[in-house]
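What follows is the residue order along each chain.
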Amino acid sequence: DANAHDDTDAREILARALPLLSAAAGAPVNGLVGDADALVAVGEAISRRTYEELILSTLPAPLSRWQRLDLPAKLAGFGIPVRVVTAGLAQAAVG
């Protein structure tokens, strides 16, 4: 299907990130690869299970499409606390 997106890269990144996030959190963490539209993906995820908090990792405001779309405020509309983690400009330039 030409309209289906290939999420292979996203799944590989998630697989590499989860152990690092778990180590940083000091506890196991989980992650999902969802719809390419972040708001849709979060809506689908929270319809499947209960979450205490949403953590949005984003680029700095000048570079972040999610910040320009005011995604943090839209996520807050789900009624779950939202924490925004923003990469520094030096971090955003790497990779």
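Structure: above.
Residues numbered from 1 in each chain as written. Predicted model: local features only at pLDDT ≥ 70, side-chain atom pairs only at ≥ 80, totals over all residues. Heavy atoms only, no water.

A.B. asks: Just checking my understanding: could you explain helix α2 (residues 38-48) for this structure?
C.D. replies: An α-helical turn contains 3.6 residues, so any two residues separated by three or four positions project in the same direction. Within α2 the residues assigned to the buried category are A38, A41, V42 and A45. One side of α2 carries all its buried residues, which in axial view fall inside an arc of 95°. N-capping of α2 is provided by D37, with a side-chain oxygen placed 2.9 Å from the backbone N of L39. (Buried < 20%, exposed > 50% of the residue type's maximum accessible area, 1.4 Å probe, protein only. Helix = DSSP H or I, 4+ residues; strand = E, 2+ residues; numbered from the N terminus. Arc of directions from axis to C-beta. Polar contact = N/O pair within 3.5 Å; in protein donor to acceptor, adjacent residues only side chain to side chain.)

A.B. asks: What's the story with the layout of surface pockets in this structure? I'm lost.
C.D. replies: It is the rolling of a water-molecule-sized probe over the atoms that shows where space remains empty. Reported here for the largest pocket is a volume of approximately 2000 Å³. Residue assignment for the lining of the largest pocket shows that the elements contributing at least two residues are α1 (8-25), α2, β1 (54-58) and β2 (82-86). When residues of the lining of the largest pocket are assigned to their parent elements, the largest contribution, 10 residues, is made by α1. Its residues assigned to classes, the lining of the largest pocket comprises 27 nonpolar, 5 polar and 9 charged. (1 Å grid on protein atoms, 1.4 Å probe; cavity = no way out; pocket = protein on both sides within 12 Å on 5 of 7 lines; lining within 4 Å. Points joined across faces, edges and corners; volume = space filled by probe spheres on them. Nonpolar A, V, L, I, M, F, W, Y, C, P; charged D, E, K, R; others polar.)

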